[in-house]
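Descriptive analysis of the structure
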Amino acid sequence: MRRKLKYLIRTFSNFNQKKYCPYCKGINLEKIDSKFIITSLYNCQDCHLNHRHPKDSPKWLEKFYQKEYKIDTHIMTYLPSDEELEILKKEGFNKLRSIHSYIDSLFQSKPVNIIDYGCSWGYNVFKLQKSGFNAVGYEVSKPRANFGQEKLGVQIYTKESDIPMDQDLFLSSHVIEHLADLSSFISFSKTRIKGNGIFMAFCPNGNKEYRNREQDIWHGSWGDLHVNLLDVEFAKEVFKNNPYLILSGDWIFNPEEIKVWDGISQKVGKKLDGKELLIIAKPNVDL
């Protein structure tokens, strides 16, 4: 309740800020949803990004994600005790979704170098390493990054400039919807992915098909923490000159559907009303 009040005060103070798309800077916007009278979700008619107004500044967001960001229902922000951590490690973090089968479907052989961007305290980096991948992480929150390095023994960078080049896979899981500057994020990913490397992002599904299926959940998918609500049209626009595979599903995707993608074409799955969006692209490969 306290966080919601702070959010409303923050957005009210920014209410008169200029309305523009945080990705392409366009001003041709259409309001598609609203909350609390003073917050709205706009669709950019140029690049198709659904984004929240008023916006938070990148400086405020970086400060917020250092220590204040907490989610009660996920281990993402919960730092376990030593006893709890040992149990999680022995279990192999088995309650986390396993994405190694998706990665295996994209790469025919190992080793595969992976950067997990926005990795929190590195539990997914740990799991990827146990699956045989050369995985490292990046996390804006220094306390969480330090915890993961100390307790899990994984490498977590806190400066983008320190992230190694020539990654086979630039992975982000439910990060992209939080970012104030998606354009810089996409551009940066290209500098870290090797020529034929892959960009992979999981995020809430903003497609109108999912809105028609579960209006209330779709409505709750943007707001205080989620400043963007990505959909297929935006992903297609971002990677319009690159090979891509865009899928939606209810937290589970078919590895075979990923495996049969040829890596040189643009393909969108038939199912568009899933809870989650999966964007796979080769941003350094031109069509």
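Everything discussed here concerns the structure shown above.
Residues numbered from 1 in each chain as written. Predicted model: local features only at pLDDT ≥ 70, side-chain atom pairs only at ≥ 80, totals over all residues. Heavy atoms only, no water.

A few points about the packing of aromatic side chains
Basically, it comes down to this: What counts as a ring pair is set by centres within 6.5 Å for rings of Phe, Tyr and Trp (its six-membered ring), and what kind of pair is set by the plane angle: stacked under 30 degrees, edge-to-face over 60, tilted for all other angles. Helix and strand definitions follow DSSP, with helices as H or I runs of at least four residues and strands as E runs of at least two, each counted in order from the N terminus. Exposure classes here rest on a 1.4 Å probe applied to the protein chains alone. A residue is buried below 20% of its type maximum, exposed above 50%, and partly exposed in between.
Throughout the structure, instances matching the rule amount to 17 aromatic pairs. Ring centres of Tyr117 and Phe188 lie 6.4 Å apart, and the angle between their planes is 55°; this geometry places the pair in the tilted category. With Tyr117 in strand 4 (residues 113-117) and Phe188 in helix 7 (residues 182-192), this residue pair connects regions lying 71 residues apart in the sequence. Its relative accessible area of 7% is what places Tyr117 among the buried residues. For Phe188, a relative accessible area of 12% puts it in the buried group.

Topic: the environment of Phe185
What counts is decided by this rule: Between two residues, a contact is recorded if the distance between any of their heavy atoms is within 4.5 Å.
With respect to the element layout, Phe185 can be found in helix 7. On the accessibility criterion, Phe185 (4% relative accessible area) is buried. For the pair formed by Phe185 and Ala135, sequence separation is 50 residues and the distance between their alpha carbons is 19 Å. Other than its neighbours up to four places away in sequence, Phe185 contacts Tyr117, Phe170, Ser172, Ile176, Leu179 and Phe199.

Remarks on the nonpolar core
Here is the rule: Definition used in this section: a nonpolar core is a set of buried Ala, Val, Leu, Ile, Met, Phe, Trp, Tyr and Cys residues joined via side-chain atoms within 4.5 Å.
Formed by 37 residues in total, the largest nonpolar core has its most connected members in Phe93, Ile114, Met200 and Ile280. Examining the composition of this core, we find that four residues originate from one element, helix 5 (residues 123-130), more than from any other. Every residue in contact with Ile280, bar those within four places of it in the chain, is listed here: Leu106, Ile198, Phe199, Met200, Pro243, Tyr244, Leu245, Ile258 and Trp261. Cys44, Tyr138, Tyr157 and Leu230 belong to the second largest nonpolar core, which has 36 residues in total.

Quick look at the pairing of strand 7 (residues 167-173)
Note on strand geometry: in a regular strand, side chains alternate between the two faces of the sheet. Heads up, the condition is: Pairing between strands requires that DSSP locate at least two bridges from one strand to the other. Think of it like this: strands point away, you trace from the first strand over the helix to the second, and a clockwise trace means the crossover is right-handed.
Most of strand 7 is tucked away: six of the seven residues are buried. As paired elements, strand 4 and strand 7 share three bridges and run parallel to each other. Across the sheet, Ile115 pairs through a bridge with Phe170, a residue of strand 7. Relative to strand 8 (residues 193-204), strand 7 is paired through six bridges, and the arrangement is parallel. In the sheet register, Ser172 faces strand 8, and the bridge partner there is Ala201. Read as a crossover between parallel neighbours, the route from strand 7 over helix 7 to strand 8 is right-handed.

Notes on helix 6 (residues 142-152)
Let me state the cut-off plainly: The arc in question is traced by the directions running from the helix axis to the C-beta atoms.
Turning to helix 6, its buried residues are Arg144, Ala145, Phe147, Gly148 and Leu152. End-on view of helix 6: buried residues confined to an arc of 160°, all on one side of the axis. Immediately downstream of helix 6, the backbone of Gly153 shows phi near 70°, a positive value.

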